[in-house]
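# Structure assessment
Listed below are the residues making up each chain.
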Amino acid sequence: MTDPSELLLLLGDWMAGPGPLYGKLAHALHRAVLAGDLGSGARLPSERGLAKALGVSRATVVAAYDELRALGAVESRRGSGTRIAARPVPRSAGRDGRVSGGRATALLQRLVDRRDETISLAMAAEPAAAEVREALHEVLCTDLTGLMADTGYHPSGLPVLRRAAADHFAAAGLPTTPEQVLVTTGATQALGLVAQLYLRKGSGVVVECPSWPGCLDVFRAAGARPHAVPLDQDGIRVDGLAEALTRHRPELLYVTPTYHNPTGVLMSEGRRRRVAELCRRHAVPVLEDIAYDIGVGQAAGEPAPIAAFAEPGAKPGTDTRTGTHTAAEVLTVGSLAKAVWGGLRIGWVRGPADVIGRLARLKALADLGSPVLDQALAARLLPRLDELKARRAVTLRRRLDHLEGLLAARLPAWQWSRPAGGSALWVRLPGDTDAQVYAQVALRHRVEVVPGAVTDASGAHDSHIRIPFSLPEDRLTDLANRLAAAWAELVGQIPPAGRVQNGESPDRRDTT
């Protein structure tokens, strides 16, 4: 039987557009059938089970299944439930523009299908910093002639940007040469290249629990199996990490130490030392993602990257002569997306020079190098990154205060801990509330909620949601009002409009 929670990820924002809900639900299910996401013979959830997961009346699901039967897309037999029709259905994945595969792809599809009237909580992003305009003017007036005289192909990255990134790491306590830096088209490409280098079908990768849904998609696309380890106030738990490294013998560890996404936890310096030590002992490479790197707490400074605590100058693995373990292999990913602008698709990965060389060959196969003008602009901005982060932090701190006040007043039963950094709250809903059901109700109030289920396949965070506070304060006020209205509907304080009652047949007026 198809799991209702998995089916929700395929449906995406199915309630958008005109018409009754049962018709829109039938259309979304039919689209998934045509795309091949629901294969022949797959059993759909029961009417009652799907209605509960979607937060709608059972009559809505009954009517949607009736429409699918009329289209010949499903078949129903007494005792066997409703199944996708056994006749061959031409696969049209890609032709209809839908994103397929992975638990987090519903979020990606909504990015493609973005609607202005919906407040999306899938991204914590802001407009460009004012300094981008100034830096762009400098590039056009000062750098353009020299750039245009160049071939434009730099698979490893524009030399001036690689030097700027090396200097940035050195200032953060991690001595780096330009040869240890690869420029990528955003941090996401860096993760993809690392996964391509290290992971194969069946590989194990240890991740934090919860974790960023996008990284889980990247690893699963490479055929890897994520193994989750819980967090505490200092970051990934050492006992859980040691057990996972011993039991699963993974090919890679992925962590977000500065700052964790989605909880906002800052990994302590002592914990970073222990992570480097454990991975050195087990000869497991570390992929640390510090692209989510703006602090909103009052703590002074941030620890150096995990790579700074790996033993320098030695090959990773075990010395066969002495039997002792040598340096941990650590790859550090960063970008300008949070502090400067998400529209400037420039990121980087820092690591041992030989590993960076292999990643550069994969990068060349992917796109022959990131756009040169974008890299030149990034090279102008990167030396000012700490200044830009500090300025952005002031704005985020003010918006965080505003959002916390709104939630405390409108939704006092919700719980959260104030994050040390990042740009989102990790909120626990009361009791046994299923965040996926709440997300469906919130869509009716034009809020796109990210339920905890997409951050943790184990189900340990099904009652959590992620709420970015990067929106302007007036937008945060509107958001809090919509979230409160959706919550009131879910807990039964306000009956949904148009709910079918007393066995009435659904018609065009049915909006549940």
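This text follows the structure it describes.
The following paragraphs examine the structure supplied in this document. This one's a predicted model, so the numbers in the text were calculated from it and none came from an experiment. (Residues numbered from 1 in each chain as written. Predicted model: local features only at pLDDT ≥ 70, side-chain atom pairs only at ≥ 80, totals over all residues. Heavy atoms only, no water.)

### A few points about unusual backbone geometry
The following threshold applies: Here a strand is any run of E in DSSP of at least two residues, a helix any run of H or I of at least four, and the numbering for each starts at the N terminus.
Note the cis peptide between Cys209 and Pro210, where omega equals 5°. Along the polypeptide, Pro210 turns up in the loop between strand 5 (204–209) and helix 9 (213–221). Located in the positive-phi region is Arg249, a residue other than glycine, with phi close to 45°. Among the structural elements, Arg249 can be located in the loop between helix 10 (238–248) and strand 8 (252–255). Backbone geometry places Leu368, a non-glycine residue, at a positive phi of 65°. Within the secondary structure, Leu368 sits in the loop between helix 12 (353–367) and helix 13 (372–381).

### Things to note about the packing of aromatic side chains
Rules: Each Phe, Tyr or Trp ring, with Trp reduced to its six-membered ring, pairs with another whose centre is within 6.5 Å; inter-plane angles below 30 degrees give stacked pairs, above 60 give edge-to-face pairs, and intermediate values give tilted ones. Partly exposed residues are those whose accessible area sits between 20% and 50% of the maximum for their type, while under 20% is buried and over 50% is exposed, using a 1.4 Å probe and protein chains only.
Inspection of the entire model under this criterion finds four aromatic pairs. Taken together, a centroid distance of 5.8 Å and an interplanar angle of 70° make the contact between Tyr438 and Trp487 edge-to-face. A residue pair is termed long-range when its members are at least 10 positions apart, and Tyr438 in helix 15 (residues 435–444) and Trp487 in helix 16 (residues 473–490) qualify at 49 residues. No difference in accessibility class separates Tyr438 from Trp487, as the two residues are buried. Cluster of aromatic residues (ring-pair linked, three or more members): Trp414, Tyr438 and Trp487.

### A word on the sheet that holds strand 16 (residues 464–468)
Counted only if it meets this: Note on pairing: two strands pair once DSSP finds at least 2 bridges between them.
The four strands are arranged 12-13-16-15 in an open sheet whose pairing can be described as antiparallel. Because the sheet does not close on itself, it has two edges, and the strands there are strand 12 (415–416) and strand 15 (450–451). Bridge analysis of strand 12 against strand 13 (residues 424–428) gives two bridges, and the strand direction is antiparallel. For Trp416, the partnering residue across the bridge sits in strand 13 and is Val427.

### Observations concerning the nonpolar core
Here is the rule: Nonpolar core, defined: a set of buried Ala, Val, Leu, Ile, Met, Phe, Trp, Tyr and Cys residues in which side-chain atoms within 4.5 Å join the residues together. Any two residues having at least one pair of non-hydrogen atoms within 4.5 Å are treated as being in contact.
One finds Leu253, Trp414, Tyr438 and Ile467 to be the most contacted residues of the largest nonpolar core, which totals 86 residues. The greatest single-element share of this core, amounting to eight residues, is contributed by helix 14 (residues 385–410). When near neighbours in sequence (up to four residues on either side) are disregarded, Tyr438 contacts Trp414, Leu429, Val449, Ile465, Leu483, Ala486, Trp487 and Leu490. Ranked by size, the runner-up nonpolar core spans 29 residues in total, among them Tyr198, Leu216, Ala291 and Val355.

### What about the pairing of strand 16?
Most of strand 16 sits inside the fold, with five of its five residues counted as buried. Neither face of strand 16 is exposed, since His464, Arg466 and Pro468 on one face and Ile465 and Ile467 on the opposite face are all buried. Summarising the sheet, strand 13 and strand 16 pair through five bridges and their orientation is antiparallel. By the bridge assignment, Trp426 is partnered in strand 16 with Arg466. Note: strand 15 against strand 16, two bridges, orientation antiparallel. Of the residues in strand 16, the one forming a bridge with Pro451 is Ile465.

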